[in-house]
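# A closer look at the structure
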Amino acid sequence: MSNITQVKFVKQPLTFPGSPVSVPADLQTAAMNTWTAIENGGPVNAQGQTIFQLVQSAIQAQVQKTQQASSVLNSLTFGPQNQIGYFGKFTPPPANAGETGGAGTIEIALAVEGNNLAFTVNAKSNPTFEVSFDLTITITLTLPVSLGPNWAVGINVSARVEALNVTTHNVGVYLCDQNAVTQVLDAINGQIVPVPGLHPAVLTAFDSLVEGVAAGGWTQLVEQDDGAGTLVLTALGPDLTVNGRAGDSIVLAGTAAGLEITAQGQSGTFVGPIKSITVNPAGGANSIKIEGAPSGATISVENTQHGTNTVTVGSDLSKLAGTTIDVSDTSGSTALIVDDSADTTARVAAITKTAVAFTGLTTVSYSGNITSLKVLGGGNSDQLFIASTGPATTVDPGPGVNSVYVGLSGTKAALAGEGQGSVQPLTGPLDVPNSQGETNLVIDASGDNYAGYQVSADEVAFTQGPAIQFQAGFQDFIGQHIPPVSLTRGVISLTVYGRNSAGNNVQVEGVGPETKVTLWGTGSDVIGGPAAASVTHDVYLTLKPIGPLAQEVAAGH
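Residues numbered from 1 in each chain as written. Predicted model: local features only at pLDDT ≥ 70, side-chain atom pairs only at ≥ 80, totals over all residues. Heavy atoms only, no water.

On to the overall build of the chain. Scanning the chain from terminus to terminus reveals 5 helices and 39 strands. Out of the 557 residues in the chain, the part that is buried amounts to 47%. With an accessible surface of roughly 23,600 Å², the chain has 51% of that area assigned to carbon and sulfur atoms. (Helix = DSSP H or I, 4+ residues; strand = E, 2+ residues; numbered from the N terminus. Buried < 20%, exposed > 50% of the residue type's maximum accessible area, 1.4 Å probe, protein only. Areas by Shrake-Rupley, 256 points an atom, 1.4 Å probe, with all protein chains shown as cover.)

As for its placement among the helices and strands, D329 is situated in strand 20 (residues 323-339). There is no salt bridge for the buried D329, and the closest opposite charge comes from K374, which lies 17 Å off by N-O distance. Side-chain polar atoms of D329 contact the side chain of T334, separated by 2.5 Å. Not counting the four nearest positions on each side in its chain, D329 is found in contact with N303, G307, T334, S367, G368, N369 and I370. (Lys, Arg positive; Asp, Glu negative; His and termini not counted. Salt bridge = Lys/Arg side-chain N within 4 Å of Asp/Glu carboxyl O. Polar contact = N/O pair within 3.5 Å; in protein donor to acceptor, adjacent residues only side chain to side chain. Contact = heavy atoms within 4.5 Å.)

This next bit is on the pattern of salt bridges. Applying the stated criterion to the full structure yields 2 salt bridges. Among the ionic pairs, K89 bridges to E107, the shortest N-O distance being 3.4 Å. In this pair, K89 is assigned in strand 5 (residues 84-91) and E107 in strand 6 (residues 103-122), connecting sequence segments 18 residues apart. Look at K89 and you get partly exposed, because its relative accessible area is 22%.

Within an α-helix, residues lying three or four positions from one another point in the same direction, as the helix has 3.6 residues per turn. Compared with an ideal rise of 1.5 Å per residue, which puts 17 residues at 24 Å, helix 2 (residues 51-67) spans 24 Å between its outermost C-alpha atoms and is within 8% of the ideal. Buried within helix 2 are the following residues: I51, L54, V55, I59 and V63. Taken down its axis, helix 2 places every buried residue within 160° of arc, on the same side. The first or second residue beyond helix 2 is Q68, which carries a positive phi of 55°. (Expected span 1.5 Å × (residues − 1). Arc of directions from axis to C-beta.)

So, on to unusual backbone geometry. Here the amide bond leading from F16 into P17 is cis, since omega sits at 0°, within 30 degrees of zero. Secondary-structure assignment places P17 in the loop between strand 2 (15-16) and strand 3 (21-26). The backbone phi angle of Q264 is positive, close to 55°, even though this residue is not glycine. Positionally, Q264 belongs in the loop between strand 14 (258-263) and strand 15 (266-270). The exposure class of Q264 is partly exposed, given its relative accessible area of 26%. Of note in the backbone geometry, H306 takes a positive phi value of approximately 60° without being a glycine. Structurally, the position occupied by H306 is in the loop between strand 18 (298-303) and strand 19 (308-314). Judged by relative accessible area, H306 falls into the exposed class, the value being 62%.

Summarising the element assignment, D225 is placed in strand 10 (residues 220-225). Taking the C-alpha atoms as reference points, D225 and V7, 218 residues apart in sequence, are found 9.4 Å from one another. At 2.8 Å, the side chain of D225 forms a polar contact with the backbone nitrogen of G227.

One finds V313, L336, V406 and F462 to be the most contacted residues of the largest nonpolar core, which totals 58 residues. Ignoring sequence-local partners within four residues, the contact set of L336 consists of V311, V313, V327, V364, Y366, I370, S372, L373 and K374. With 55 residues, the next largest nonpolar core counts V7, W35, Y86 and F119 among its residues. (Core = buried A, V, L, I, M, F, W, Y, C linked by side-chain atoms within 4.5 Å.)

On to the pairing of strand 14. As paired strands, strand 13 (residues 249-255) and strand 14 are joined by 5 bridges and run antiparallel to one another. The residue of strand 14 that forms the bridge with L252 is I261. Note: strand 14 against strand 15, 5 bridges, orientation antiparallel. Of the residues in strand 15, the one forming a bridge with A263 is Q266. Between strand 14 and the antiparallel strand that follows it, strand 15, lie 2 residues; Q264 among them carries a positive phi value of about 55°. (Pairing = 2+ DSSP bridges.)

Right, let's get into the pairing of strand 18. Taken together, the 4 bridges between strand 16 (residues 276-280) and strand 18 define a ladder with parallel strand orientation. Note on strand 18: the bridge partner recorded for T278 is S300. The sheet contact formed by strand 18 and strand 20 spans 6 bridges and is parallel. Residue pairing for strand 20: V301 is matched across the bridge by V327.

A separate point is helix 1 (residues 27-39). With 13 residues, helix 1 extends 18 Å between its outermost C-alpha atoms, agreeing within 8% with the 18 Å of an ideal straight helix rising 1.5 Å per residue. Buried residues of helix 1: L27, A30, A31, T34, W35 and I38, and no others. Down the axis of helix 1, the smallest arc covering the buried residues is 140°, so these residues share one side. The N-terminus of helix 1 is capped by D26, whose side-chain oxygen sits 3.0 Å from the backbone nitrogen of Q28.

When pLDDT is averaged across the chain, the result is 77; 75% of the residues are at 70 or more. Counting interchain partners and residues more than four positions distant, the pLDDT-below-50 stretch residues 171-175 has 5 contacts. (pLDDT = per-residue confidence, 0-100.)

Further remarks concern the packing of aromatic side chains. Tallying each qualifying case throughout the model produces 2 aromatic pairs. With a centroid separation of 4.7 Å and an interplanar angle of 10°, the aromatic rings of F385 and Y405 are classed as stacked. Of the two residues, F385 sits in strand 24 (residues 383-386) while Y405 sits in strand 26 (residues 401-406), which places them 20 residues apart along the sequence. Note on Y405: relative accessible area 15%, which makes it buried. (Phe/Tyr/Trp six-rings, centres within 6.5 Å; stacked < 30°, edge-to-face > 60°.)

Before going further, it helps to examine the sheet that holds strand 11 (residues 230-236). Pairing is mixed in the open sheet, where 4 strands are placed in the order 3-1-11-10. Whereas interior strands pair on both sides, the edge strands pair on one side only; in this sheet they are strand 3 and strand 10. Across this sheet, the average inter-strand angle for adjacent strands is 20°, counted without regard to direction. As paired strands, strand 10 and strand 11 are joined by 6 bridges and run antiparallel to one another. The residue bridging D225 from the neighbouring strand is L231, located in strand 11. Seen against the sheet, helix 1 touches strand 1 (6-11) and strand 3 and runs at an angle of roughly 40° to strand 3. (Axes fitted to C-alpha atoms, helices over the stretch in contact; angles between N-to-C directions.)

On the secondary structure map, T120 appears in strand 6. Of note is the side chain of T120, whose polar atom sits 2.8 Å from the side chain of N74.

Structure representation (C-alpha cells):
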C-alpha cells in the first residue's frame, strides 16, 4: 500500500532495440477535478444529478419512512479546499496476474471536513436541523491485467457521509419527536451514495488511451508500484523481434525482473508473458546466446543476411523449460551449440539431424546451413540417444557416468541388438568425446546389412567387406557414404551391435586403455586384426552372439 499520485503508462516496444511509449497521468489532479465538479454543483452521473440532489433524496426517503413526513434540504455547504485530505492506494493484482480476469485497483479518497447541511422536516413544529459532517469521496479504478476489444478502465465513485453534530433551531422543537433527529442522522451516517458514470477529463483520456492500446493488439497489462508515488502500467504485446547489427553479440537471459535482452550494444528488460521472440542477426560474425526465456515462448533465430553465426542455447536448459527454439540458416552459416553443462540434474536427450530435445525442458530444432552441432551434457549421469546426424555432430556427455546410444531413438534402448538399431541415418560425422566424466557408448547397427566394421583406439568404422577399412568414412553395399563414429577419452565401455542376419567381420586395430569392448552379432563372426591376438592395458574384448546358441569368447585380461 502506498500513496499513488500519478500513473505512468508504458507500451513495451515490439522491436528491440526500440523506445517504449510512455504517457503519465496525474491522478491527484484528476481526483481534485472530480471534487471541484461536485463542489460546484455539477452533474455527477448520466442522469444529470448533483451531489446535493442525491443527498436530498436520501434524507427525504428516510424522513418519509421514519416520521411519515416530508423534508426539504435547505442548504449544503462544503468545507474549504484547504481541508481536503488526499490519499491514493494501489492494490496489486492477485497471484494469477497473467490470467484473464486478474486485476489491480487504485482507490483515491478525498476526505473533506467542516461541511454543513440544513434541512426542514415538515411536521407539527416544522423544526430545522443543521448537521456538520465529514464527506469522503472515493474514486476506484479497476485495472484488468488482460485486455480485450471491449475493455475499459472501470471508474466507480461513491460519497460517504459521517455526521459530527446536530443543532436545531425552532422554538417549537420540544414538540418534535427527538427520536426523529437520531433516526435521520443514523440514516445519513455511513450512507454510501453511488455516483455511476463519472468520467473526469484526465481519467477519460487515460481510459481512451488504454482502449486504443487494446485495439492495437496489446494483450496484457502489468501493474507495478515503484514505491515513489507512481504506478507503472506496462502494456505487453505477445510477439517480440530482436534485431542485431553486423558482428553483434545478442543475449537473451531470464532475470527476476523479466526477460533481459542485449543487442546492438544496448540492454533492455521485458516483462510479461511473451509468446514469441524472433532474433534477426545481421551480416558478419555474430554470437547469439539464448540463456533464458519465458516458459511457453517460441524462439526463432533466422539467419537471412549472409552472416557467420554461432548460436548457443543454454548453459542450464532448466532455465528454458517449456520453450521451443528453432534455428534456421538460409544464406550464411551457423554453428549450433546446445549446452546443458551447468545443469546438475540427470537428463535424457534425443538427438537427430533436425532437432535436439531434452525431456521436460526444451526442443531445439534446426535447419538450413547448420555447419556443426555440439551437444553438451550436464553435471550428472545423462542418457543421450543419437538417431541421426546431418551436420558434423559432437556429443560430450560431461561429468558423471553417462550412456550414449548411437543408432537408437529414446524409446529403443531396451531393444538394442534385436534388429532395431540403424546407423544409416548418420549422414554427417559423429564424435563422442568426454574429457570430464565417463561414458558407456553403445552403437547399434543390428538392423543394417553391413558386412563388418573396424574398431580402433578412437574409432568404429563400418565396412562393406573384411579387407576394406575406411578411416574417413564407410559405405554399405550400395555405396552410401556413412561417416565413422569417433571415440576419444572418457569411454569406459564400448558396445557394438553388428548385423544379426549374417556373420560380421570385425577388424580390431586397437582399443583404448581401461576400456571394455563388447562386440555382438550372430552367424559366423570373424574377429581379426592385430589387437585381437594381443590385447593389453587390462582391456576386455568379448564376442557375444545373439540367440539360443550364444557363445562368449573372451580375449585377454
